[in-house]
Amino acid sequence: MNKDVIIALDFPTKDETLAFLDQFQGRKPFVKIGMELFYAEGPAIIREIKARGHKIFLDLKLHDIPNTVKRAMSVLSHLDVDMVNVHAAGASTMMKGALEGLTKADGTRPLLIAVTQLTSTDAETLKNELLIDVPMDETVMRYAKNAADSGLDGVVCSPLEARKVKDTCGESFLTVTPGIRFADGDVGDQKRIMTPERAGQSGSDFIVVGRPITQAADPVAAYERCCKEFLGQ
C-alpha cells in the first residue's frame, strides 16, 4: 500500500457514519472502524462500508491469551478488511498466533500491525502507572522489534517515533500514526502529537485522523488539507 490518510470513524451509529461518508461524493477515503462503532453495529457496518469501495482498518486492539486471539483473528479474517491490529504488549506468542489465525487457507490476509504505546500515554504515565522504567522510545522500539520478529507488517506508534521504528525494523516495516493535529487545531486528549506535514517527513506511512476531520465545520476540506499536508497533493 502507498502512504495514505486514514479517517477514524468514531461515531456511535451506522446512520451517523454513513451520513458522514456521503459528504465525500465519489472520493473513497481509507477509514478506521474502532471499538465504538464495531460494538454498536457489528460486522454489518464493515460489509456496508466495503461495498461502498472504502479500504478499512479494523481497530479492535486484540490483547488476550494466544489461543483466544488466534481464534478471534480467524473470525475477523472473513470480514474482508484491509488492516487489523493487536496490542504488542501481548508479546510474541500472541502476535504469532494472531498472524496464524488471520491467514486464510490460500495464504492471503489483511495487514497485521501491533499497537506499541497509545499516544495518550506519556513518559510519566509509563513510569508511574505502568511501572516501565525505560524511556518511551526504548519501550516502543522493543515492542516494534518484537512485532517485526513475529512476522507482523508494522506498528501503531506516535509520529514522534516513526523514523526510529523505520531505522530499527527497516523501511518496509509500516508505521501507522495517530496523534495527528493541525498546527492551528485543538490537541484534545493526545499527548504525543505532530502535524500531518511533519508526520509525512518523519517516517509515517499512514496517519490516522479523527476529530480534526470528523468534527470540522467542513470535513471534506479538512480531509483534503490533511492529504495535501501529508502527501503533498
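Undergrad: Mind laying out the pattern of salt bridges, listing which residues take part and the relevant values?
TA: Two side chains of opposite charge can pair, provided their charged atoms sit close to one another. Tallied over the full model, the rule gives 14 salt bridges. Residue Lys145 pairs with Asp149 through a salt bridge whose shortest N-O separation is 3.1 Å. On the criterion of helical spacing, the pair formed by Lys145 and Asp149 is a turn pair, its members being four residues apart in helix α7 (residues 136-149). Residue classification places Lys145 among the partly exposed positions, given a relative accessible area of 30%. Among the charged side chains, a network of salt bridges with common partners joins Lys32, Asp59 and Lys61.

Undergrad: Outline the sheet that holds strand β6 (residues 154-156), listing residues and values.
TA: Spatial ordering of the closed barrel is given by β1-β2-β3-β4-β5-β6-β7-β8, a layout of eight strands whose pairing is parallel. Between one strand axis and the next, the sheet turns through 25° on average, direction left out of account. When strand β7 (residues 174-177) meets strand β8 (residues 206-209), the two strands line up parallel, connected through two bridges. Looking at the pairing, Thr177 lines up with Ile207 of β8. In the packing of helix α4 (residues 66-76) onto the sheet, the strands contacted are β3 (56-62), β4 (83-87) and β5 (111-115), and the crossing angle to β3 comes to about 160°.

Undergrad: Account for a negative patch on the surface, naming residues and giving values.
TA: A cluster of acidic side chains, namely Asp10, Asp15, Glu16 and Glu36, defines a negative patch on the protein surface. Mapped onto the elements of the fold, Glu16 is located in helix α1 (residues 14-22).

Undergrad: Summarise the packing of α4 against helix α5 (residues 91-102); cite the residues concerned and give the values.
TA: Viewed as axis vectors pointing N to C, α4 and α5 meet at an angle of 25°, and their least axial separation amounts to 7 Å. What the angle tells us is that α4 and α5 run roughly parallel. Two packed elements cross with a definite hand, and for α4 against α5 that hand is right-handed. Within the contact between the two elements, α4 uses Pro66, Val69, Lys70, Met73 and Ser74 and α5 uses Thr93, Met94, Gly97, Ala98, Glu100, Gly101 and Leu102. Residues that form the contact of α4 with α5 fall into these classes: six nonpolar, four polar and two charged.

Each value, and the rule that gives it
Residues numbered from 1 in each chain as written. Predicted model: local features only at pLDDT ≥ 70, side-chain atom pairs only at ≥ 80, totals over all residues. Heavy atoms only, no water. Salt bridge = Lys/Arg side-chain N within 4 Å of Asp/Glu carboxyl O. Helix = DSSP H or I, 4+ residues; strand = E, 2+ residues; numbered from the N terminus. Buried < 20%, exposed > 50% of the residue type's maximum accessible area, 1.4 Å probe, protein only. Pairing = 2+ DSSP bridges. Axes fitted to C-alpha atoms, helices over the stretch in contact; angles between N-to-C directions. Contact = heavy atoms within 4.5 Å. Patch = residues over 30% accessible without salt bridge, like charges linked within 9 Å, V, L, I, M, F, W, Y side chains within 5 Å. Areas by Shrake-Rupley, 256 points an atom, 1.4 Å probe, with all protein chains shown as cover. Lys, Arg positive; Asp, Glu negative; His and termini not counted. Charge placed at Lys NZ, Arg CZ, Asp CG, Glu CD. Parallel < 35°, antiparallel > 145°, perpendicular 65-115°, else oblique. Left-handed = near helix turned anticlockwise from the far one by under 90°. Nonpolar A, V, L, I, M, F, W, Y, C, P; charged D, E, K, R; others polar.

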